[in-house]
Amino acid sequence: GSSSLISIAPDREALAALQLMQTNAISQLPVLDNGRVVGSLNEVTLVKLLHDGVDLPTQKVANVMSHPMPQVEEATDVAEVYRLLMAGYTGVIVTHNGAPRGMLARIDLADFWAKKARLKAAA
């Protein structure tokens, strides 16, 4: 199957990243180069750049991106994802055989546990 991961390439304009985040109502974006995670962007970084007067249309994503988010394989235990997210990472990239497939944020763990609780209550 194909990946549902919304991402951007490092050679794109930083403004395109902001527009992609706005269009998809997301606050962070992995940067992929030939299917490999090489960095990340988040709304805090982009807002700070805009505040500081950086001209996003003239900047490439590679010049303004942060470190990549941590990656875990699909079969990774939820406790490890929890540990990473609570350690301060804003997102975790989920991979399948090393290829990025999706991303998890804290709200995704909250949804997971809420659904689990509802299923348990219904049983």
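Definitions and cut-offs
Residues numbered from 1 in each chain as written. Predicted model: local features only at pLDDT ≥ 70, side-chain atom pairs only at ≥ 80, totals over all residues. Heavy atoms only, no water. 1 Å grid on protein atoms, 1.4 Å probe; cavity = no way out; pocket = protein on both sides within 12 Å on 5 of 7 lines; lining within 4 Å. Points joined across faces, edges and corners; volume = space filled by probe spheres on them. Helix = DSSP H or I, 4+ residues; strand = E, 2+ residues; numbered from the N terminus. Nonpolar A, V, L, I, M, F, W, Y, C, P; charged D, E, K, R; others polar. Buried < 20%, exposed > 50% of the residue type's maximum accessible area, 1.4 Å probe, protein only. Contact = heavy atoms within 4.5 Å. Pairing = 2+ DSSP bridges. Axes fitted to C-alpha atoms, helices over the stretch in contact; angles between N-to-C directions.

(A) Inspection of the layout of surface pockets at higher detail. Space inside the largest pocket adds up to approximately 160 Å³. In terms of lining residues, the largest pocket is bounded by V72, E73, E74, T76, D77, V78, V81, V94, L104, D108, L109 and F112. Elements with a contribution of two residues or more to the lining of the largest pocket: β3 (71–73), α4 (78–86) and α5 (106–122). Among the elements that make up the lining of the largest pocket, the one with the highest residue count is α5 (3 residues). A class-by-class count of the residues in the lining of the largest pocket yields 7 nonpolar, 1 polar and 4 charged.

(B) A look at the environment of G39. Structurally, G39 is set in strand β2 (residues 36–42). On the basis of relative accessible area, G39 is assigned to the buried category, the value being 0%. A C-alpha to C-alpha distance of 11 Å links G39 and I93, two positions 54 residues apart in sequence. Those residues within four positions of G39 in sequence are excluded, and the remaining contacts are P30, V31, M65, S66, H67 and P68.

(C) Local environment of the sheet that holds β3. Strands sit in the order β3-β4-β5 across an open sheet of 3 strands; the sheet is mixed. Of all strands in the sheet, those bounded by a partner on one side alone are β3 and β5 (99–104). Each strand axis lies, on average, 35 degrees off the axis of its neighbour in the sheet, ignoring direction. Where strand β4 (residues 92–96) and β5 come together, 5 bridges link them in antiparallel fashion.

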